[in-house]
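One letter stands for each residue in the lines below.
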Amino acid sequence: MRDAVIVEAVRTPVGKGKPNGSLAQVHPVELLAHTLRTVVERTGIDPALVDDVIGGTVTQVGEQSVNITRQAVLSAGFPESVPATTVDRQCGSSQQAVHFAAQGVLSGAYDLVVACGVESMGRVPMGSAVLPGTDPFGPGVAARYPEGLVPQGISAELIAAKWSMTRDQLDAFAVSSHQKAATAWDAGLFDAQVTPLAGATRDECVRPGSTAEVLGGLKPAFYDPSWAERFPQIEWNITAGNSSPINDGASAVLITSSETAARLGLRPLARLHSFAVTGSDPLLMLTGVIPATEKVLRRASLTLDDIDLFEVNEAFSSVVLAWQQETGADLAKVNVHGGAIAIGHPLGASGTRLTTTLVHAMRDRGARYGLQTMCEAGGLANAMIIEAV
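Residues numbered from 1 in each chain as written. Predicted model: local features only at pLDDT ≥ 70, side-chain atom pairs only at ≥ 80, totals over all residues. Heavy atoms only, no water.

Chemist: Tell me about the layout of surface pockets, and name the residues and values.
Modeler: Here the largest pocket is characterised by a volume of approximately 1,100 Å³. What lines the largest pocket is a set of 40 residues, among which Gln90, Met126, Gln152, Met285 and Ala377 lie closest to the centre. At the level of elements, helix 4 (138-144) and helix 5 (152-162) are the ones that each hand at least two residues to the lining of the largest pocket. Classifying every residue of the lining of the largest pocket gives 26 nonpolar, 13 polar and 1 charged. Roughly 220 Å³ of internal volume is contained in the second largest pocket. Looking at side-chain class alone, the lining of the second largest pocket contains 5 nonpolar, 4 polar and 4 charged residues. (1 Å grid on protein atoms, 1.4 Å probe; cavity = no way out; pocket = protein on both sides within 12 Å on 5 of 7 lines; lining within 4 Å. Points joined across faces, edges and corners; volume = space filled by probe spheres on them. Helix = DSSP H or I, 4+ residues; strand = E, 2+ residues; numbered from the N terminus. Nonpolar A, V, L, I, M, F, W, Y, C, P; charged D, E, K, R; others polar.)

Chemist: If you had to explain the nonpolar core to someone new, which residues and values would you point to?
Modeler: In this structure, Phe310 and Ile385 are the most contacted members of the largest nonpolar core, which totals 51 residues. When contributions to this core are tallied by element, the ones reaching two or more residues are helix 5, helix 6 (167-186), helix 8 (225-230), helix 10 (289-300), strand 8 (309-312), helix 11 (317-327), strand 9 (369-376) and strand 10 (380-388). Top contributing element to this core by residue count: helix 10, with 6 residues. When residues no more than four places from it in sequence are discounted, the contact partners of isoleucine 385 are Arg271, Leu272, His273, Ser274, Val296, Leu297, Ala300, Leu302, Ile307, Tyr369, Gly370 and Leu371. If you look at the next biggest cluster of nonpolar residues, it comprises 33 residues, including Leu23, Ala72, Val82 and Ala252. (Core = buried A, V, L, I, M, F, W, Y, C linked by side-chain atoms within 4.5 Å. Buried < 20%, exposed > 50% of the residue type's maximum accessible area, 1.4 Å probe, protein only. Contact = heavy atoms within 4.5 Å.)

Chemist: Could you give me a rundown of the UniProt feature "domain: Thiolase C-terminal" (unreviewed entry) in the protein, with the residues and numbers involved?
Modeler: Taking the UniProt record as the reference, the feature "domain: Thiolase C-terminal" (unreviewed entry) is found at residues 267-387. For the annotated span residues 267-387, helix accounts for 36% and strand for 25% of the residues, and the straight-line distance between the end C-alpha atoms is 14 Å. (UniProt positions renumbered as here; feature names shortened; annotations may be inferred.)

Chemist: Can you lay out the packing of aromatic side chains for me, pointing to particular residues and giving the numbers?
Modeler: All told, the structure shown has 5 aromatic pairs when counted by the stated rule. Consider the rings of phenylalanine 222 and phenylalanine 316, whose centres lie 6.1 Å apart with planes at 70 degrees: the pair is edge-to-face. Here phenylalanine 222 is found in the loop between helix 7 (212-216) and helix 8, whereas its partner phenylalanine 316 is found in the loop between strand 8 and helix 11, with 94 residues between them in sequence. Residue phenylalanine 316 is classed as buried on the basis of its relative accessible area of 7%. Taking the ring centre of phenylalanine 190 as reference, the NZ or CZ of arginine 11 above it sits at 5.0 Å. (Phe/Tyr/Trp six-rings, centres within 6.5 Å; stacked < 30°, edge-to-face > 60°. Lys NZ or Arg CZ within 6 Å of the ring centre and 35° of its normal.)

Chemist: Which residues make up the pairing of strand 7 (residues 270-279), and what values do they have?
Modeler: Examined bridge by bridge, strand 1 (residues 5-11) and strand 7 share 2 bridges and lie antiparallel to one another. Residue pairing across strands places isoleucine 6 opposite alanine 270, the latter belonging to strand 7. Inspection of the sheet shows strand 7 paired to strand 10 by 9 bridges, in the antiparallel sense. Paired with arginine 271 across the strands is glutamate 387, a residue of strand 10. (Pairing = 2+ DSSP bridges.)

Chemist: Could you give an account of the UniProt feature "domain: Thiolase N-terminal" (unreviewed entry) in the protein, with specific residues and numbers?
Modeler: Mapped onto this numbering, the UniProt entry annotates "domain: Thiolase N-terminal" (unreviewed entry) at residues 5-258. The span residues 5-258 is 35% helix and 15% strand, and its two end C-alpha atoms sit 6 Å from each other.

Chemist: Could you give an account of the pairing of strand 4 (residues 84-87), naming the residues involved and the relevant values?
Modeler: Side-chain positions along a regular strand alternate between the two faces of the sheet. Of the pairings in the sheet, the one linking strand 3 (residues 52-56) to strand 4 comprises 4 bridges and is parallel in character. Following the sheet pairing, glycine 55 is matched in strand 4 by threonine 86. In this region the chain leaves strand 3, passes through helix 2 (residues 68-75) and returns to the parallel neighbour strand 4; the handedness of that crossover is right-handed. (Right-handed = clockwise from strand over helix to strand, strands pointing away.)

Chemist: Would you mind going over the environment of arginine 123 in detail, with residue names and values included?
Modeler: Tracing the sequence through the fold places arginine 123 in the loop between strand 5 (112-120) and helix 4. Judged by relative accessible area, arginine 123 falls into the partly exposed class, the value being 30%. The sequence separation of arginine 123 and histidine 27 amounts to 96 residues, and the corresponding C-alpha distance is 8.0 Å. Setting aside anything within four residues of it in sequence, one finds arginine 123 in contact with Ala24, Gln25, Val26, His27, Pro28 and Glu63. Polar side-chain contacts of arginine 123 include one of 3.0 Å to the backbone oxygen of alanine 24. (Polar contact = N/O pair within 3.5 Å; in protein donor to acceptor, adjacent residues only side chain to side chain.)

Chemist: I'd like to hear about helix 13 (residues 350-365), residue by residue, with values.
Modeler: Taking 1.5 Å of rise per residue, 16 residues should cover 22 Å, and helix 13 covers 22 Å from first to last C-alpha, within 8% of that figure. Two residues or fewer past helix 13, glycine 366 is found with a positive phi of approximately 65 degrees. (Expected span 1.5 Å × (residues − 1).)

If you want it as structure tokens, here you go:
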């Protein structure tokens, strides 16, 4: 029976998604192309052998339009014969790329495939794909949700209220993310996975000196009188400090079968074990990680106690803390090298960034099983389990 294994996993440093960010001058096609070149350089593979390149990007407009993954393949110097496609499952786009790539290998459709992702949020602002005056939802959705859907920040506030989270809890989680990421950088734990670019060598948003006192002085990021009137239960505890920042970055993983890896002299880092996707309430929007975790564990015939490490995307502190309350997972096993609140969340790149971080953390810690899950706009979530080889 065929399997699917990861043989390389790389990412760029994550820059601030602002005009003065460390990667601001790098075209998003070049961001992604850099990770593709690095995968080829590190593995020594002939890029002509790559059956497909599947990339994730959320805001597919402007410099990130026209199938950006194809442009990155050409920019990276791959043969013109190597195909590419770009998928959108919102924040989980490149995790979905991993799912598709692995499923292609398992089915026999692919022997060698790259899953990757990119987002340059400084150059292509979030939400810019929605043209002024247009409605991306349509009348059917409006009829189904007559009171209207809400932005992600309001969803994060609703989650905090539903699970009775205090501002102190949310900020403490954020501080811990920065501390873990800073410790990992200082210990050299990111060195093997990060490929420097344009003079950037480290994640730009990690703040080693972050404290609860500093975060406690920040104002609510999403307060609006109309939302306050509609949702009186909201206590307005979500701030820029306990939310993921706006970022630029790219990441890529090379996936193949154990048989092909042996034939090409490649060393598997981890086996892709099980996958799940799910939909959830689009009003709360970000809670899909809870049923997705349950679903992937059931498919894998594993329990929560079998999992050694978790990567749960830190879109907001409230997302991870609600997931933890519902699953009962040990927070000491979650995002052990920091998460998106510190490292950053370049939307389309985050799925394979989490995979890269998880694969390397499992190797460093001798873990057997790792579980990755991501919340996504619209009430969606991906989850997968990887196993050490």
